[in-house]
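Here is how the chains run, residue by residue.
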Amino acid sequence: MSVPEQVLDDIRAAVGPKGWTADPDAVAPHLAERRGLWRGECAMVVNPATTDEVARVVGICNQAGVAVVPQGGNTGLVGGGVPQGGVVLSMKRLNRVRDVDPVNFTLTAEAGCVLADVQRAADAAERLFPLSLGAEGSCQIGGNLSTNAGGVQVLRYGNARELVLGLEVVLPDGRVWDGLRGLRKDNTGYHLKHLFIGAEGTLGVITAAVLKLFPRPTWRETAMAALPSAEAALKLFERAQNEAADGLTAFEFLSRRCMEIATAHVPGVADPFKSPHPYYALMELSGFGGADGRRQLRRTAEAILAAALDQGAVEDAVIAESAAQAKALWRIREAVPEGQPALGASIKHDVAVPVSMVPEFLARASAAVESAITGVRVVAFGHLGDGNLHFNLSQPAGADEKAFMAERERINRLVHDIVAGMNGSFSAEHGIGLLKRDELTRYKPAAEVALMRTLKNALDPKNIMNPGKVL
Ligand SMILES: Cc1cc2nc3c(=O)[nH]c(=O)nc-3n(C[C@H](O)[C@H](O)[C@H](O)COP(=O)(O)OP(=O)(O)OC[C@H]3O[C@@H](n4cnc5c(N)ncnc54)[C@H](O)[C@@H]3O)c2cc1C
């Protein structure tokens, strides 16, 4: 549906000349998403610089029934930011850190702040903002909260949802809800912030947030362990959790095929072990204090690995001796999704099951897909400590890409049915967007979907906020 010229005029007047563009070259990146699955359309991209401007634009669109599609860094992986008409609301000019309170351990950031800038602002105050993910150099805090992003430290610090104390939101009718409270205790009715976190822009526009900060660890130990099986990974994880407790800040997992992909297809990535092993775990421990703290952390890491070696749960292990070596170990993990396209087309799953069921899921899902498509290559890696696996499938070597991708629906059903049977999630990190709408209605209880629709209708009766996404 085209947007009436009067509405566009009103928006232009509300945000001024720097606050909008309809130049096709400037608009084009806002219509695309990185997997190339959809191409969107919109009447203009609006770049408001203040909450008040966001409120005015949303108010104008509400009056006219025009769709508003919020966009952060546009790094989302489910098509949630792809416009299907209306206007794109790009948050990039709303990028001030409004306040850092090191005593309250809080930082108040506008939605358009890039995640890495928020991490830096916390670091400058000798505090930690622990949200960390591959896209942190370009994704924005508003996008992170709207997708309830996960990343590599969920195990210790939780998802984005757990890192928020207060929110400022422009509601679908253009009113501003000022919930920017930095309180640890506040039992004054419904916790409305949770409605907007993870809503993927369908219930309102997040314009600012009070974020939780944490003490900044002084020391880190990064280790990679070579493992005989997925069950062994679980044994090592259990031991590390028990011995390091909150000091265990990351526990990632990858298969031999992932190691081969990373080392063969991404320049500068090297296998730290002399011989191949079926699986690998990447473990990070964080600690505090002076030299004693450092020695204690090293002793804990060594003790965990030594006991697991004795138990047969670990075949070999390396502990990074420098920051550069730690970075090289992390690089292996990050390089897996970067290298996977070298194997051709892929069907991807972002699933969660209870941590204790990860090996069973892996065995059952691998057997199911390998018998469904001869030669399919399972590329399984992810955040084992959260029970979250990226269960990706690369096409058989030399197969036809289109024919392989035509199997996507059948394969999704096999994998997601197994996940559902384990009371798991078919979308652990990336959300629903356009990609997983059908799965939402298929796998969520009907009452839950109905409740979601009731909330959407109550808050946004004209369905202007990111229509067609999630529900
Ligand atoms: C290399 C790479 C690694 C990644 N790793 C992870 C990972 O480890 N964990 C993880 O969870 N995700 C990961 N992602 C996915 C993605 O980075 C996250 O979903 C991220 O939180 C999206 O932020 P964004 O600013 O790019 O949001 P966008 O992609 O711009 O938007 C995402 C959704 O949020 C909505 N939205 C954006 N801003 C606002 C706002 N201010 N108010 C209301 N709605 C808004 C959009 O409409 C859209 O529905 C990764 C992506 C890449 C490319």
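These numbers were taken from a predicted model, which means no experiment stands behind them. (Residues numbered from 1 in each chain as written. Predicted model: local features only at pLDDT ≥ 70, side-chain atom pairs only at ≥ 80, totals over all residues. Heavy atoms only, no water.)

### Side note on the pattern of salt bridges
Here's step 1: One pass over the structure, following the stated rule, counts 28 salt bridges.
Here's step 2: Put simply, Arg 12 and Glu 5 hold a salt bridge, and the shortest N to O gap is 3.4 Å.
Here's step 3: On the basis of relative accessible area, Arg 12 is assigned to the partly exposed category, the value being 21%.
Here's step 4: In this structure, the salt-bridge partner of Asp 292 is Arg 295, at a minimum N-O distance of 2.6 Å. Of this pair, Asp 292 and Arg 295 both sit in helix α10 (residues 291–311), 3 residues apart, which is roughly one turn of that helix.
Here's step 5: Relative accessible area serves as the criterion here: at 55%, Asp 292 is assigned to the exposed category. (Salt bridge = Lys/Arg side-chain N within 4 Å of Asp/Glu carboxyl O. Buried < 20%, exposed > 50% of the residue type's maximum accessible area, 1.4 Å probe, protein only. Helix = DSSP H or I, 4+ residues; strand = E, 2+ residues; numbered from the N terminus.)

### Description of the site of the ligand
Here's step 1: Surrounding the ligand, one finds 34 residues, the nearest of these being Pro 70, Gly 72, Gly 73, Thr 75 and Gly 76.
Here's step 2: Between the ligand and Gly 150, the relevant distance is 2.8 Å, taken from an oxygen atom to a main-chain nitrogen or oxygen of the residue.
Here's step 3: Protein chains bury 92% of the 980 Å² of accessible surface belonging to the ligand in isolation.
Here's step 4: Those elements giving two or more residues to the shell around the ligand turn out to be β3 (68–71), α5 (141–146) and β10 (205–212).
Here's step 5: When residues of the shell around the ligand are assigned to their parent elements, the largest contribution, 4 residues, is made by α5.
Here's step 6: Its residues assigned to classes, the shell around the ligand shows 10 nonpolar, 21 polar and 3 charged. (Near = heavy atom within 4 Å. Polar contact = N/O pair within 3.5 Å; in protein donor to acceptor, adjacent residues only side chain to side chain. Areas by Shrake-Rupley, 256 points an atom, 1.4 Å probe, with all protein chains shown as cover. Nonpolar A, V, L, I, M, F, W, Y, C, P; charged D, E, K, R; others polar.)

### Focus: the sheet that holds strand β9 (residues 176–179)
Here's step 1: Strand order in this open sheet of 5 strands is β5-β6-β10-β8-β9, and the pairing throughout is antiparallel. Looking at strand neighbours, the two that pair on one side only are β5 (97–101) and β9, the edges of this open sheet. Here the average twist between neighbouring strands, direction ignored, is 10°.
Here's step 2: Along the sheet face, helix α3 (residues 51–64) touches β5, β8 (164–170), β9 and β10 and points at about 50° away from the line of β8.
Here's step 3: Against the sheet, helix α4 (residues 115–124) touches β5, β6 (106–110) and β10, its axis set at about 150° to β6. (Pairing = 2+ DSSP bridges. Axes fitted to C-alpha atoms, helices over the stretch in contact; angles between N-to-C directions. Contact = heavy atoms within 4.5 Å.)

### Side note on the packing of aromatic side chains
Here's step 1: What the rule picks out here adds up to 7 aromatic pairs.
Here's step 2: Considering the side-chain rings of Phe 253 and Tyr 279, the 5.2 Å spacing of their centres and the 15° angle between planes classify their relative orientation as stacked. Of the two residues, Phe 253 sits in strand β13 (residues 248–255) while Tyr 279 sits in strand β14 (residues 279–287), which places them 26 residues apart along the sequence.
Here's step 3: The exposure class of Phe 253 is buried, given its relative accessible area of 0%.
Here's step 4: Cation over ring: Arg 12 sits above Trp 20, and NZ or CZ is 4.7 Å from the ring centre.
Here's step 5: Here the basic side chain of Arg 127 rests over the ring of Phe 105, its NZ or CZ set 4.3 Å away from the ring centre. (Phe/Tyr/Trp six-rings, centres within 6.5 Å; stacked < 30°, edge-to-face > 60°. Lys NZ or Arg CZ within 6 Å of the ring centre and 35° of its normal.)

### Some points on the packing of helix α9 (residues 256–265) against helix α11 (residues 323–339)
Here's step 1: At a minimum axis separation of 8 Å, α9 and α11 run at an interaxial angle of 80°. As the angle between them shows, α9 and α11 are arranged roughly perpendicular. In this structure, α9 contributes Cys 258, Met 259, Ile 261, Ala 262 and His 265 to the contact, and α11 contributes Ile 332, Ala 335, Val 336 and Gly 339.
Here's step 2: Considered class by class, the residues forming the contact of α9 with α11 number 7 nonpolar, 2 polar and no charged. (Parallel < 35°, antiparallel > 145°, perpendicular 65-115°, else oblique.)

### Observations regarding the environment of Lys 456
Here's step 1: Secondary-structure assignment places Lys 456 in helix α16 (residues 446–459).
Here's step 2: With residues near it in sequence (within four places) discarded, Lys 456 still touches Thr 202, Leu 203, Pro 461, Asn 463, Met 465 and Leu 471.
Here's step 3: Among the polar contacts listed, one links the side chain of Lys 456 to the side chain of Asp 460, at a separation of 2.7 Å.

Geometry only, nothing functional implied.
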